Every structure is written in C-alpha cells, then in structure tokens.
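# Survey of secondary and tertiary structure
Listed below are the residues making up each chain.
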Amino acid sequence: MSLTVFASLRPSTLTRTTRYVLVALCATTILLSIFNFTHNHHASGGSLLGLSEDLGSPVFTDWHTPDDGRRRANATLLMLARNSELDSAAASVRELEDKFNHEFRYPWVFLNEVPFSAEFQERMKGLASGPVHFGVIPARHWYQPDWIDEEKATQGRNQLVEADIIYGGSVSYRNMCRFNSGFFYRHPFLQNYKWYWRVEPDVHFYCAVDEDPFLYMEDNDKHYGFTITPYEFEKTIKTLWNATKEFIEENPHLVAPNNSLGYLSDDGGQTYNLCHFWSNFEIADMEFWRGEAYSAYFDHLDAKGGFYYERWGDAPVHSIAASLFLRKDQIHFFDEIGYAHSPFTHCPHGKGVRQLKQCTCNPWINFDYQGYSCMRQWERIHRHK
C-alpha cells in the first residue's frame, strides 16, 4: 500500500529486534502496572441508564472557576475512577492540588460508569480547591456495542489469554480503552470545556507547577502535551497500523504538514515502531478530539472492532492521531512537570529546573532515556526540521 502522503525519514538507532527484546523484558513490570489500575475495574454488568435518563439535565450552581480576576483557560482536571479507588484517587488529587491547583483553582470532573458514593464525593470536595462535579458515563459510551461479533471477540480474547497478556480476556478493560479513545470528551459534563488535564488514581506529581500549563498550550498553539513515552505491546494492536494506513489512503487531506510520523515509524510509514505517549497523563485540547480529522479517524477504527477483537488502547490511538493530524510543533513535552505512574517516572532533565521547581523526584530513576522509552525518537524528529 502506497503512503505517498508520508515523508521518508531516517531510521531509528534502535533496531526492531532490539526493541522487541526490550519490550519482552519490560512486559511483566508494565502489565503489573496495568493490573494495579484495572483490577476489578468497571466490571461489565447489567445495563445502565444513559446519563440524561439517570441524572436528568445537568444543573450546577458553581460550574465555573472563581471570578477572582485571574486569567484562566476554559479547562478542567479530569479523573476516571471507581468508588473502590477512593484512597488512591484522593492521594492523586491531594498531590496535584498541593503542586498546582491550590493556586489556580481549576474545577475537577470525576467520571464513573456507576454513581459515585457519598463518601467518595465528600472526600474529593474536601480536597479540591475549585468546583467539583461527578458524572455517570452513559451506557452507550461504555459497554461493548451490540454489533460486535461476540464469537470473534471471544476468540481474540482467548488468544491473548493464551499469550499470557494481562487482561487479555477482560471486556471491561476494553470498554475503558474505547471510552477514553472516543467518548470521554463527548460527556455532557465536559461539553463546557476546551482543555483537560487527565489524572488517574495512584499517580504522583513531584514538582511545583507554578505556571499555568493550560494557558501555555493556548498561547503557544499547542494541542497535546505528554510527559512519558514508552513502546506499546504489539500483540494488543496487530491491525491498528494497517487500519490507520487505510484511513490515510482514503483521507490524505487530513494529514498535517510537518507532522510527527518520524516518531511513529522508522520507515516512512510502512510499519509502526510502537512508540506512543502514555495517556495516563495528558494535557490536551478536546476540540482536537471533537474535530473533523479525529472524529473520522475514531469512527473508522471503531467500525473495525479492534477495541474488542484485539485490545486497542487509547494511548496508541491518541498518539497516532496527534502525531499525524497535528504539526509536530503543536505537541508539547512537559519536561518541567515531574510525574510518575508505576512503573515509570519522569523527572525534569536539568538540575536548575529541578531546583527552581522544588522537585522531589530522583533524576537517577528518570525513564526518559531508558531502553524502553521513545524519548530519543521524539527528540530525533525535532532535530530534523
């Protein structure tokens, strides 16, 4: 299949064989990390009412951020969590409030496929410095669609179980990935906002964030921000790149000039090198997800059924889309935000930055230049402009 819309790029210094060996060595550690996040996560059950039926029309008395004269972006902090994650969710909220939001007072939106408990709501309200809102995910956005061929999906799950891929047999994990890929930004509680900062339970923030990252993105024409970039598990996305190439062949006009294809591919787009932005941390523009290019791309992928027939994750889906449909200068690496999601940690590179931002992370455990990281691929495409 010809990919004439893609520019030819210099191959990475890591061979494909070397990368796959590194993938195998790190697989157990990362899969355990997934286990920590997804254990009993949003188990599939009986049908839920859609949001409008379950909650009625959303009415809030304090939806917007405080009117204190401070310039703020139209933004929210966003967490997908379950009631049983109360303590780990509270720890994440407390850290981000201490490092950032106590000063800026942005609102929080919490989403769950079941209503949040009174205890969960009270704890989050007590920690947050801005308005707090709790939403239920509509069933049509969460559960496996009726049109999925269940026999084929079962076969795919069984193959991943046999390959010892953690949650290879989980439908609920696939529900989560599909929701994060194509539906969270459509939730009624997020329609008020342009920007979001994705936060997960049991993550850590190590540095003072004393400059507003939302305003930085807005003022500098950035649309997607990340801190960590690893390789994906190839067995979970066997046909994702072919589906992507098919979409690009049909929609070459949607590919941005001066894009980040060289981060995704070492051979001009013929194959995918598995690099992606780790989406448990995202500061991004929801108008990009709502726009023409991503909407058409997600619909194309969703129709393939790969979220259920394989185990396509929101991280590679978001990463491929941002890399192809944005210019590379519209994607930002937040080096100054120290962040950890087990097992990986990003600690700012420069000692001066760490001192200035009062970072508590250990630079020796920084993931950025370890063998399983794609940071060198990211830096490479910015050296060749």
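Anyway, here's the lowdown on the structure attached to this text. Bear in mind the structure is a predicted one, so any value in this text is a computation, not a measurement.

Here the focus is the pattern of salt bridges. Summed over all chains, the structure comprises 18 salt bridges. A salt bridge links R123 to D87; the nearest nitrogen and oxygen atoms lie 3.1 Å apart. Highlighted residues: R123 in helix α4 (residues 118-127) and D87 in helix α3 (residues 86-104), separated in sequence by 36 residues. For R123, a relative accessible area of 32% puts it in the partly exposed group.

Turning next to the packing of aromatic side chains. One pair of aromatic rings is described through two measures. These are the centre distance and the angle between the planes. Per the counting criterion, the structure on display carries 45 aromatic pairs. Plain terms: the ring middles of W197 and F205 are 5.9 Å apart, the flat faces sit at 80 degrees to each other, and that makes the pair edge-to-face. A relative accessible area of 0% means that W197 is categorised as buried. Considering the side-chain rings of F307 and W312, the 5.7 Å spacing of their centres and the 70 degrees angle between planes classify their relative orientation as edge-to-face. Of the two residues, F307 and W312, both sit in the buried class. The ring of F104 has R70 lying over it, and the distance from NZ or CZ to the ring centre is 4.8 Å. Cation over ring: K152 sits above Y309, and NZ or CZ is 4.4 Å from the ring centre.

This part is about the pairing of strand β2 (residues 108-112). In terms of burial, β2 is largely enclosed, as five of its five residues are buried. One ladder, built from four bridges, connects strand β1 (residues 75-80) with β2; its direction is parallel. The residue of β2 that forms the bridge with M79 is F110. With α3 bridging β1 and its parallel neighbour β2, the resulting β-α-β unit is right-handed. Across five bridges, the pairing between β2 and strand β3 (residues 132-136) is parallel. When the bridges of β3 are listed, W108 appears paired with V132. Of the crossover connections in this fold, the one passing from β2 over α4 to the parallel β3 is right-handed.

Attention shifts here to the sheet that holds strand β10 (residues 344-346). On the basis of which strands lie adjacent, the open sheet formed by three strands has the order β5-β9-β10 and antiparallel pairing. Unpaired on one side and paired on the other, β5 (204-205) and β10 mark the two borders of the sheet. Bridging between β5 and strand β9 (residues 339-341) involves two bridges; their strand directions are antiparallel. The residue of β9 that forms the bridge with H204 is A340.

With respect to topology, seven strands assemble into an open sheet ordered β3-β2-β1-β4-β7-β6-β8, the strand pairing being mixed. Edge positions in the open sheet fall to β3 and β8 (331-333), since each of these has one partner strand only. When strand polarity is set aside, the average angle formed by the axes of neighbouring strands in this sheet is 20 degrees. Sitting on the sheet, α4 is in contact with β2 and β3, with an inclination near 150 degrees to β3.

A separate point is the packing of helix α12 (residues 292-304) against helix α14 (residues 314-325). It is the contact of α12 with α14, at a shortest axis distance of 11 Å, that shows an interaxial angle of 140 degrees. The angle between α12 and α14 falls in the class oblique. For the element pair α12 and α14, the recorded crossing hand is right-handed. Counted together, A293, Y294, Y297 and L301 of α12 and V317, H318, I320, A321 and F325 of α14 form the full contact between these two elements. Grouping the amino acids of the contact of α12 with α14 by side-chain chemistry returns eight nonpolar, one polar and no charged.

With that out of the way, let us pick up unusual backbone geometry. The omega angle of the peptide bond from S342 to P343 is 10 degrees, so this bond is cis rather than trans. Along the chain, P343 turns up in the loop between β9 and β10. We note that D164 has phi near 65 degrees; this positive angle belongs to a residue other than glycine. Along the polypeptide, D164 turns up in the loop between α6 (150-162) and α7 (171-182). Taking relative accessible area as the criterion, D164 reaches 65% and is therefore assigned exposed. Phi is positive for N258, which is not a glycine, with a value near 50 degrees.

Conventions and cut-offs
Residues numbered from 1 in each chain as written. Predicted model: local features only at pLDDT ≥ 70, side-chain atom pairs only at ≥ 80, totals over all residues. Heavy atoms only, no water. Salt bridge = Lys/Arg side-chain N within 4 Å of Asp/Glu carboxyl O. Helix = DSSP H or I, 4+ residues; strand = E, 2+ residues; numbered from the N terminus. Buried < 20%, exposed > 50% of the residue type's maximum accessible area, 1.4 Å probe, protein only. Phe/Tyr/Trp six-rings, centres within 6.5 Å; stacked < 30°, edge-to-face > 60°. Lys NZ or Arg CZ within 6 Å of the ring centre and 35° of its normal. Pairing = 2+ DSSP bridges. Right-handed = clockwise from strand over helix to strand, strands pointing away. Axes fitted to C-alpha atoms, helices over the stretch in contact; angles between N-to-C directions. Contact = heavy atoms within 4.5 Å. Parallel < 35°, antiparallel > 145°, perpendicular 65-115°, else oblique. Left-handed = near helix turned anticlockwise from the far one by under 90°. Nonpolar A, V, L, I, M, F, W, Y, C, P; charged D, E, K, R; others polar.

Function cannot be inferred from these measures alone, as they are strictly geometric.
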